[in-house]
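So the chains spell out like this:
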Amino acid sequence: MADKKTVEDLLADEIKDLYSAEKQLTKAIPKMAKGSNDPALEAAFNDHLKETEGQVARLEEAATILKISAAGKKCVGMEGCIKEGAEVLGEEGEPNILDLGIIGAGTRVEHYEMAGYMTAISLAQSIGAKEVVSLLQQSLAEEQGAEHKLRTIGSGLLKSASSAHAAGKA
Ligand SMILES: [Fe+2]
Ligand SMILES: [Fe+2]
């Protein structure tokens, strides 16, 4: 574990953590896309995969500005979120209900990322690292957008799932 004495030390650690999380997601998101039944959900994951690749590049850029290496840490929190997602992907049942479970897993991932970016942004702001703040804010906005998109698709699926349930009862 790195010796943390300054805000800079902690920021370096947060950048490494985010970098590990994003790298893990570039491998996990294609599986989420493939496991989705709803075409809009699959497209949302594929779109966010492209954004995630850009986020990896932004973190590399931020690391260069801060004169640190982005590599060197494993984000075990994201590893756990991805494991939970894999559990959902292995299940069987009604396509809409399974998709809602995938959305639950995906939403958890986005919130975890948002918390990481918000933390890193606060630290970078406090040391006046403006370029780093701007890079991190762009990625945060993408995470927020992805989270919103997942929830919107989820609301639609939930409506059709509950109307199917109502029809079944009638
Ligand atoms: Fe991300
Ligand atoms: Fe994300």
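That block above? That's the structure.
As the structure is a prediction and not an experimental result, all values here were calculated from the model. (Residues numbered from 1 in each chain as written. Chains lettered and ligands numbered in written order. Predicted model: local features only at pLDDT ≥ 70, side-chain atom pairs only at ≥ 80, totals over all residues. Heavy atoms only, no water.)

Q: Explain the overall build of the protein chain to me, and be specific about the residues and the numbers.
A: Within the protein chain, the secondary structure is distributed over five helices and zero strands. Shown N-terminal to C-terminal, the secondary structure of the protein chain runs as helices and strands in the order α-α-α-α-α. Here the C-alpha coordinates of the protein chain stretch approximately 65 × 25 × 25 Å along the principal axes. With 170 residues in all, the protein chain has 42% of them scored as buried. Pairs at least 24 apart in sequence give 79% of the contacts found in the protein chain among residues at least 6 apart. For the protein chain, the accessible surface area stands at approximately 9100 Å², while carbon and sulfur atoms represent 57% of it. (Helix = DSSP H or I, 4+ residues; strand = E, 2+ residues; numbered from the N terminus. Buried < 20%, exposed > 50% of the residue type's maximum accessible area, 1.4 Å probe, protein only. Contact = heavy atoms within 4.5 Å. Areas by Shrake-Rupley, 256 points an atom, 1.4 Å probe, with all protein chains shown as cover.)

Q: Outline the coordination of the iron ion (ligand 1), supporting the account with residue identities and numerical values.
A: Protein coordination at the iron ion (ligand 1): the donors are E22 (OE), E22 (OE), Q55 (OE1), E113 (OE) and E143 (OE), at 2.0 to 2.2 Å from the metal. Counting gaps between the donor residues of the iron ion (ligand 1) yields the pattern E-x32-Q-x57-E-x29-E. Taken as a pair, the iron ion (ligand 1) and the iron ion (ligand 2) show a spacing of 3.2 Å, with E113 coordinating each metal. Of this pair, Q55 sits in helix α2 (residues 39-66) while E113 is found in helix α4 (residues 95-126), placing the two residues 58 residues apart along the sequence. For the pair Q55 and E113, one class covers both residues: buried. (Donors = N, O, S within 2.8 Å, 3.2 Å for Na, K, Ca; no water.)

Q: Which residues make up the pattern of salt bridges, and what values go with them?
A: Close approach of charged atoms allows side chains of opposite charge to pair. This structure, assessed with the given rule, holds nine salt bridges. A salt bridge links K4 to D13; its shortest N-O distance comes to 3.5 Å. The class of K4 is partly exposed, set by a relative accessible area of 37%. The closest approach of N and O atoms between K73 and D17, which form a salt bridge, is 3.2 Å. One end of the pair, K73, is in the loop between α2 and α3 (76-89); the other, D17, is in helix α1 (residues 7-35), and 56 residues separate them in sequence. Classification of D17 as buried rests on a relative accessible area of 16%. Three or more residues are tied together by salt bridges with common partners; here these are K4, D13, D17 and K73. (Salt bridge = Lys/Arg side-chain N within 4 Å of Asp/Glu carboxyl O.)

Q: Lay out the coordination of the iron ion (ligand 2) with the relevant residues and their values.
A: In this structure, H48 (NE2), E110 (OE), E110 (OE), E113 (OE) and E143 (OE) serve as the protein donors to the iron ion (ligand 2), at separations of 2.0 to 2.8 Å. Each donor residue of the iron ion (ligand 2) belongs to the same chain, with the gaps between them written as H-x61-E-x2-E-x29-E.

Q: Could you give me a rundown of the side chain of E110, with the residues and numbers involved?
A: Relative to the elements of secondary structure, E110 occurs in helix α4. Despite being buried, E110 has no salt bridge partner; R151 is the closest side chain of opposite charge, sitting 11 Å away. A polar contact is formed between the side chain of E110 and the side chain of H48, at a distance of 3.2 Å. The residues contacting E110, other than those within four sequence positions of it, are H48, E143, A146, E147 and L150. (Lys, Arg positive; Asp, Glu negative; His and termini not counted. Polar contact = N/O pair within 3.5 Å; in protein donor to acceptor, adjacent residues only side chain to side chain.)

Q: I'd like to hear about α4, residue by residue, with values.
A: Think of an α-helix as turning once every 3.6 residues; residues three or four places apart then point the same way. With 32 residues, α4 ought to run about 46 Å at 1.5 Å a step, and its terminal C-alpha atoms sit 47 Å apart, in line with that. Where α4 ends, the next residue or the one after it, G128, has phi of about 70 degrees, a positive value. (Expected span 1.5 Å × (residues − 1).)

Q: Lay out unusual backbone geometry in plain terms, naming residues and giving numbers.
A: The phi torsion at K67 lies on the positive side, around 55 degrees, for a residue other than glycine. Within the secondary structure layout, K67 lies in the loop between α2 and α3.

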